[in-house]
Amino acid sequence: MIKNNTSIAMPTIGFGTYLISDEDAPKTINSAIKIGYRHIDTAEVYRNEVGIGLGLKDSFTQFSVKRDDIFITSKVFPGNPSWGREVKNYKMCIEACDNSLERLNLDYLDCYLIHAPFCKDHRLEQWKALCDLKKEGKTKTIGVSNYSQSHIQEIISEGLEIPEFNQIELHPWCQKPELVSFLRKKNIKIVAYSSLVPLEGWREKPNQDSAKSLDMKEIGGDKSSPFKRMSAKYGVSEAQILLKWGLQMGYVILPKSSDEGRIRENFDLSFEIDNTDMKEITTMDKGDGVAWPNGDPSNAE
Ligand SMILES: NC(=O)c1ccc[n+]([C@@H]2O[C@H](COP(=O)([O-])OP(=O)(O)OC[C@H]3O[C@@H](n4cnc5c(N)ncnc54)[C@H](OP(=O)(O)O)[C@@H]3O)[C@@H](O)[C@H]2O)c1
């Protein structure tokens, strides 16, 4: 468990739900909770909050879990002027949270994030809305996602509440050492997404290929051979190596899978990567993230 500034615990292995459809969400959430996940990550743009709500409701009756046992994160999509997507003002951010709660059929969220720093002229107004949502009890904690050092500094300089979390793309090919060091200094907890990018087959099913940067083709050159060696050494899968690396770095991780066997495998991380291999992984950083088709959103102006 990772304690944030307000002492609400975020379980370190969360279940990612991007590209899980609303239709598939109930049974997938049910499997994840049955296996032991107690942290679910969604967003208004994933369009699966209704299905997640149904899966949660079903799990509360089937298993001995209560609402308070599960940590649920959602995110407001802030808009993006350069994509022609309407910018959300203060009121629209409040409404977005209310709408997520209604779709999820919940009274409160455990964490609410601004999905990306896309709205230069409205970022502070959007952050103030999240601060007020927390005051009203609609979310226990608040944070940001894809924010760089300068985006967070903007909030700090204004004297506003510091985000409790920053959810960012982090895996051996995208390690963001300066941002990680800044976040640690500011006591902002780090949530890593897309941990499995270096795997062959990552997001390669039909309809998933577009949801990643074309740079993947260039950076994927050496594929995952070092992870194949480590996988044989520790007797675990390459996916488990990538996820365990995230945990050993002190990050919360959010593996997504639609396959029950993989959902189970991704939760079974009781081994240790030794220092030599952790050091080798440090040398694999290739720079920016690849999980967004238009480039790493933390580079937004
Ligand atoms: N804040 C943001 O901007 C942002 C951006 C991206 C992601 N996220 C969050 O982070 C979560 C995780 O990131 P992600 O969905 O990008 O990708 P991920 O969890 O790194 O990887 C998912 C991909 O890996 C495959 N996979 C999963 N487990 C596997 C295993 N054990 N062996 C082999 N392949 C495996 C999945 O296929 P199958 O489903 O077929 O198993 C899928 O193609 C998201 O779902 C979302 O909640 C947030």
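Structure's up top.
When its secondary structure is counted, the protein shows 11 helices and 10 strands. With the C-alpha coordinates of the protein rotated into their principal frame, the extents come out at 50 × 45 × 40 Å. Intrachain contacts of the protein at a sequence separation of at least 6 include 75% that bridge at least 24 residues.

What follows deals with the packing of helix H3 (residues 90-104) against helix H4 (residues 123-135). Look at H3 against H4: their axes get within 8 Å of each other, and the N-to-C directions meet at 45°. Of the possible angle classes, the one that applies to H3 and H4 is oblique. Regarding H3 and H4, the two cross each other, and that crossing is right-handed. When H3 is examined against H4, the residues Tyr-90, Cys-93, Ile-94 and Cys-97 are found in contact with a partner set consisting of Glu-125, Gln-126, Lys-128, Ala-129, Leu-130 and Leu-133. Within the contact of H3 with H4, the residues separate by chemical class into 7 nonpolar, 1 polar and 2 charged.

Between helix H1 (residues 25-35) and helix H10 (residues 260-267), the shortest axis-to-axis distance is 10 Å and the interhelical angle comes to 35°. The handedness of the crossing between H1 and H10 comes out as right-handed. Where H1 approaches H10, its residues Ser-31, Ala-32 and Ile-35 are matched on the opposing element by Glu-260, Ile-263, Arg-264 and Phe-267. Among the residues making up the contact of H1 with H10, the classes are represented as 4 nonpolar, 1 polar and 2 charged.

The next subject is the site of the ligand. If you check the shell around the ligand, you find 30 residues, and the closest are Gly-16, Tyr-193, Leu-196, Ala-239 and Lys-256. With 3 residues, H10 is the largest single contributor of residues to the shell around the ligand. Looking at the shell around the ligand residue by residue, the class counts come to 10 nonpolar, 13 polar and 7 charged.

As a further point, take the pairing of strand E9 (residues 189-193). Burial analysis of E9 places 5 of its 5 residues in the buried class, the great majority of the element. Burial of E9 is two-sided: the residues Lys-189, Val-191 and Tyr-193 facing one way and the residues Ile-190 and Ala-192 facing the other way are all buried. Inspection of the sheet shows strand E8 (residues 165-169) paired to E9 by 5 bridges, in the parallel sense. Bridge pairing in E9 places Ile-168 opposite Ala-192. At this point the chain moves from E8, through helix H6 (residues 177-185), to the parallel E9, and the crossover so formed is right-handed. In this structure, E9 lies alongside strand E10 (residues 252-253), joined through 2 bridges in parallel fashion. Bridge pairing in E10 links Ala-192 to Ile-253.

Further remarks concern the nonpolar core. Side chains of a nonpolar character, in soluble globular proteins, are inclined to be buried together. Grouped together as the largest cluster of nonpolar side chains are 64 residues, with contacts concentrated most on Tyr-112, Leu-130, Val-191 and Ala-192. Setting aside anything within four residues of it in sequence, one finds Tyr-112 in contact with Ser-74, Val-76, Cys-97, Leu-130, Leu-133, Thr-139 and Ile-142.

What follows deals with the sheet that holds strand E7 (residues 139-145). Spatial ordering of the open sheet is given by E3-E4-E5-E6-E7-E8-E9-E10, a layout of 8 strands whose pairing is parallel. Two strands in the sheet have a free side with no partner beyond their single neighbour: strand E3 (15-16) and E10. The pairing of strand E6 (residues 109-114) with E7 spans 5 bridges and is parallel. Following the sheet pairing, Tyr-112 is matched in E7 by Ile-142.

Next up on the list: unusual backbone geometry. Even without a glycine there, the phi angle at Leu-19 is positive, about 75°. Mapped onto the elements of the fold, Leu-19 is located in the loop between E3 and H1. According to the C-beta neighbour criterion, Leu-19 is partly exposed, with 15 such atoms within 10 Å.

Let us look at the pairing of E8. A large share of E8 lies buried, amounting to 5 of its 5 residues. Of the two faces of E8, both are covered, the one formed by Phe-165, Gln-167 and Glu-169 as well as the one formed by Asn-166 and Ile-168. By the bridge criterion, 3 bridges tie E7 to E8 in an arrangement that is parallel. For Ser-145, the partnering residue across the bridge sits in E8 and is Gln-167. Where the polypeptide runs from E7 across helix H5 (residues 149-157) and back to E8, its parallel neighbour, the crossover connection is right-handed.

Reading the values: the criteria
Residues numbered from 1 in each chain as written. Predicted model: local features only at pLDDT ≥ 70, side-chain atom pairs only at ≥ 80, totals over all residues. Helix = DSSP H or I, 4+ residues; strand = E, 2+ residues; numbered from the N terminus. Contact = placed C-beta atoms within 7 Å. Axes fitted to C-alpha atoms, helices over the stretch in contact; angles between N-to-C directions. Parallel < 35°, antiparallel > 145°, perpendicular 65-115°, else oblique. Left-handed = near helix turned anticlockwise from the far one by under 90°. Nonpolar A, V, L, I, M, F, W, Y, C, P; charged D, E, K, R; others polar. Near = placed C-beta within 6 Å. Buried ≥ 20, exposed ≤ 12 C-beta atoms within 10 Å, placed from the backbone. Pairing = 2+ DSSP bridges. Right-handed = clockwise from strand over helix to strand, strands pointing away. Core = buried A, V, L, I, M, F, W, Y, C linked by C-beta atoms within 7 Å.

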